[in-house]
Amino acid sequence: MTRTLHIVAEAPTMEGRRDVVTAVRRGFFGRCPNCGEGRMFRAYLKVADACPVCGEDLSPQRADDAPAYVTMLIMGHFIVAGILAVDELWPNLPMLPVAVGFAVR
Ligand SMILES: [Zn+2]
């Protein structure tokens with residue numbers, strides 16, 4: 001007995017494709033790259049496992065250390081400016097208690 005295996009390849013359709021520019025724009029605004037409705041983050045810098053609206057699997061969206069790095073880069077400018085301003089306003093202020101106070105908080 002001979003069996004014949006038929007493999008049917010479907011041509012890719014536009015339904016399975018996603019416009020990269022649209023997906024990046026949606027992701028930039030924190031929305032699901034698939035539907036643009038659901039939130040992509042479940043907490044600050046924490047990507048949701050799936051879109052709550054369309055169910056798109058968002059777990060492969062790995063940002064690694066980039067969001068934390070960008071946050072520190074931006075906030076560092078404010079912190080350094082604050083330290084310099086405090087030092088300029090109160091030059092004899094001991095900085096160690098101030099630094100420990102911010103670190104404990
Ligand atoms: Zn979605």
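Residues numbered from 1 in each chain as written. Predicted model: local features only at pLDDT ≥ 70, side-chain atom pairs only at ≥ 80, totals over all residues.

## A closer look at the overall build of the protein chain
Within the protein chain, the regular secondary structure consists of 3 helices and 2 strands. Taken from the N to the C terminus, the helices and strands of the protein chain come in the order α-β-β-α-α. Put simply, the protein chain has 105 residues, and 6% of those count as buried. (Helix = DSSP H or I, 4+ residues; strand = E, 2+ residues; numbered from the N terminus. Buried ≥ 20, exposed ≤ 12 C-beta atoms within 10 Å, placed from the backbone.)

## Side note on helix H2 (residues 66-89)
Look at H2: 35 Å from first C-alpha to last across 24 residues, which is about the 34 Å you get at 1.5 Å a residue. Most pronounced at Met 75, the bend in H2 amounts to some 30°. (Expected span 1.5 Å × (residues − 1). Bend = angle between axes of the 7 residues up to and from the residue.)

## Structural notes on the confidence of the model for the protein chain
Here the protein chain shows a mean pLDDT of 82. Residues at 70 or above account for 84%. Within the protein chain, the element-level pLDDT minimum falls on helix H3 (residues 95-104), averaging 81, and the maximum on helix H1 (residues 20-28), averaging 92. Counting contacts from residues 6-13, a segment whose pLDDT is below 50, to residues more than four positions away or on other chains yields 1 contact. (pLDDT = per-residue confidence, 0-100. Contact = placed C-beta atoms within 7 Å.)

## Quick look at the environment of Glu 37
Assignment of secondary structure puts Glu 37 in the loop between H1 and strand E1 (41-43). By the C-beta count within 10 Å, which is 12 here, Glu 37 ends up exposed. Along the primary structure Glu 37 and Pro 52 are separated by 15 residues, whereas in three dimensions their C-alpha atoms are 8.8 Å apart. Here Glu 37 is in contact with Arg 31, Cys 32 and Val 53, once residues within four sequence places are set aside.

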